[in-house]
Amino acid sequence: MPFKTVSQPRRVASLEGSIQGASFHKKLGTVAMVSTNPVQVVTVAHTGSPAKNFSVQLEEARDIALLSRDMAVVRTDTDVWQLLDIQHKARVDPLTRDSRMIVGPQGDAALALKWDNSCEQLTPGKNEVASRTFQLRGDHRAVDLSDNECYAVVDGGGGEFRIHPGGTPEQGSLTKIALPEGSKELDRIRGGRFLSALYQRNNTAVCLFRRAGNRMDSKMFYLDVPMTDLVVCETSLLVVTKDGRAVLYDAQAIDRGEGRMDPTSETPLGCRGEPTCAVVAHSNLFVGTSGGDVVMGNIIRKQGIG
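Residues numbered from 1 in each chain as written. Predicted model: local features only at pLDDT ≥ 70, side-chain atom pairs only at ≥ 80, totals over all residues. Heavy atoms only, no water.

Visitor: Quick question: what am I supposed to make of the sheet that holds strand β22 (residues 215-233) here?
Guide: The seven strands lie next to each other as β19-β20-β21-β22-β23-β24-β25, forming an open sheet whose pairing is antiparallel. Whereas interior strands pair on both sides, the edge strands pair on one side only; in this sheet they are β19 (188-190) and β25 (265-268). For this sheet the average axis-to-axis angle between neighbouring strands, irrespective of direction, equals 20 degrees. Bridge count between strand β24 (residues 245-249) and β25: four bridges; the pairing is antiparallel. Paired with Arg245 across the bridge in β25 is Pro268. (Pairing = 2+ DSSP bridges. Helix = DSSP H or I, 4+ residues; strand = E, 2+ residues; numbered from the N terminus. Axes fitted to C-alpha atoms, helices over the stretch in contact; angles between N-to-C directions.)

This is the structure in structure tokens:
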């Protein structure tokens, strides 16, 4: 059944700094978020509790991926650091450099996309995070992971969006499609089985890729207010906007839209500061804010529709 709205969110945790990144570890059922100035990490069960936070001795933070109960990785401007023994007294050690983003995890593995067009797969080892480096085919702009696929945006010519089997873009693509005009500046991808979205934080443009089997089509849309992050939920798109709303577009809204889309529903987040990042954990939307709040709302399905 498709989704119809997001319930009124409630605050489930708070940090002192501005939250910058989020990830969800499906097997653990845990969301992790990281703030900057100061750098702190919070882990929250997908139900909204319990929550635990701790400080990290770094000057700044941009992204996070939770790898296990005891290990996570955090990206600063271009460096990736491993957080170890986070259930007790977390310590931080350098891991890799010159990274443009970290995404995941898929299972226990995350990816670090590097500026030299290599990639590192990061997995929890016995006492530290293990790293495996591999080269990429084509100049990769962005990557993302789902349960059993990897999504990649590759430049060159007009650019392509590719879907690969497994947890890396090493194997040949299952399907691919040329990027449409207007998507050149968009630098983040959120991938899904039915719907994927290419976007940029604080921009109004979003490129949607809809998939049926191994066939895809693409559509460019422009929102009325800049988005700060977005997520995909099956065939629906959920956008968090700079003015503090969670805006849902279902498959019908996407089908009808031409350049602009009419929202299926809009929910005020009611949080401190602007929303900065979002992640879906099972049927819940988690949003981090510049004021340090972590809020959670339930993504509600339509009833009586197959």
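Visitor: Explanation requested: the environment of Ala45 in the structure shown.
Guide: Within the element layout of this structure, Ala45 appears in strand β5 (residues 40-45). Residue classification places Ala45 among the buried positions, given a relative accessible area of 17%. The residues touching Ala45, leaving out its near neighbours within four places in the chain, are Gly29, Pro50 and Phe286. (Buried < 20%, exposed > 50% of the residue type's maximum accessible area, 1.4 Å probe, protein only. Contact = heavy atoms within 4.5 Å.)

Visitor: Can you help me understand the sheet that holds strand β10 (residues 91-96) in this one?
Guide: Pairing in this open sheet of four strands is antiparallel, and the strands run β7-β8-β9-β10 from one edge to the other. Across the chains shown, the open sheet's two edge strands, defined by having one partner strand only, are β7 (63-66) and β10. Taken over all neighbouring pairs, the strand axes of this sheet differ in orientation by 25 degrees on average, direction set aside. Where strand β9 (residues 80-84) lies against β10, five bridges are found, and the strand directions are antiparallel. Bridging across to β10, Leu83 finds its partner in Val92.

Visitor: Can you help me understand the pattern of salt bridges in this one?
Guide: Any two side chains of opposite charge can pair if their charged atoms end up close together. In total, this model carries 25 salt bridges according to the counting rule given. Here Glu170 and Arg132 are joined by a salt bridge, their closest N and O atoms 2.7 Å apart. Linking Glu170 in the loop between β17 (160-165) and β18 (175-178) with Arg132 in strand β14 (residues 129-135), this pair joins segments that are 38 residues apart in sequence. Classification of Glu170 as partly exposed rests on a relative accessible area of 31%. (Salt bridge = Lys/Arg side-chain N within 4 Å of Asp/Glu carboxyl O.)

Visitor: Help me understand the pairing of strand β15 (residues 139-145) in this model?
Guide: The side chains of a regular strand alternate, residue by residue, between the two faces of the sheet. Summarising burial for β15: six of the seven residues are buried, a large majority. Taken together, the six bridges between β15 and strand β16 (residues 149-155) define a ladder with antiparallel strand orientation. Each bridged residue has a counterpart across the sheet, and for Asp144 the counterpart in β16 is Tyr151. Where β15 folds back on β16, the antiparallel hairpin that results is connected by three residues.

Visitor: I would appreciate a short explanation of the side chain of Lys219 in the present structure.
Guide: Locating Lys219 in the fold gives a position in strand β22. Assessed through its relative accessible area of 16%, Lys219 is described here as buried. From its side chain, Lys219 meets the backbone oxygen of Asp255 in a polar contact 3.1 Å long. Not counting residues within four places of it along the chain, the set of residues in contact with Lys219 comprises Val206, Cys207, Leu208, Arg210, Ile254, Asp255, Gly257 and Glu258. (Polar contact = N/O pair within 3.5 Å; in protein donor to acceptor, adjacent residues only side chain to side chain.)

Visitor: Would you take a moment to explain the packing of aromatic side chains for this structure?
Guide: Describing an aromatic ring pair means giving the distance of the ring centres and the angle of the ring planes. Within this structure, the stated rule accounts for two aromatic pairs. Taken together, a centroid distance of 6.4 Å and an interplanar angle of 5 degrees make the contact between Tyr151 and Phe161 stacked. Here Phe161 lies in strand β17 and Tyr151 lies in strand β16, a separation of ten residues in the sequence. A single burial state applies to Tyr151 and to Phe161, both of which are buried. Relative to Phe209, the ring of Phe161 has its centre 4.4 Å away and its plane inclined at 20 degrees; by these criteria the two rings are stacked. Placement of Phe161 in strand β17 and of Phe209 in strand β21 (residues 203-212) is noted, with a sequence separation of 48 residues between them. Residue classification places Phe209 among the buried positions, given a relative accessible area of 1%. The structure contains a cluster of three or more aromatic residues connected by ring pairs, namely Tyr151, Phe161 and Phe209. (Phe/Tyr/Trp six-rings, centres within 6.5 Å; stacked < 30°, edge-to-face > 60°.)

Visitor: Just checking my understanding: could you explain unusual backbone geometry for this structure?
Guide: Trans is the prevailing form of peptide bonds, just as negative phi is the prevailing case for residues other than glycine. The omega torsion across Ser49 and Pro50 is 0 degrees, close enough to zero to call that bond cis. On the secondary structure map, Pro50 appears in the loop between β5 and β6 (51-55). Even without a glycine there, the phi angle at Asn202 is positive, about 65 degrees. Among the structural elements, Asn202 can be located in the loop between β20 (195-199) and β21. Accessibility expressed as a relative area gives 48% for Asn202, which makes it partly exposed.

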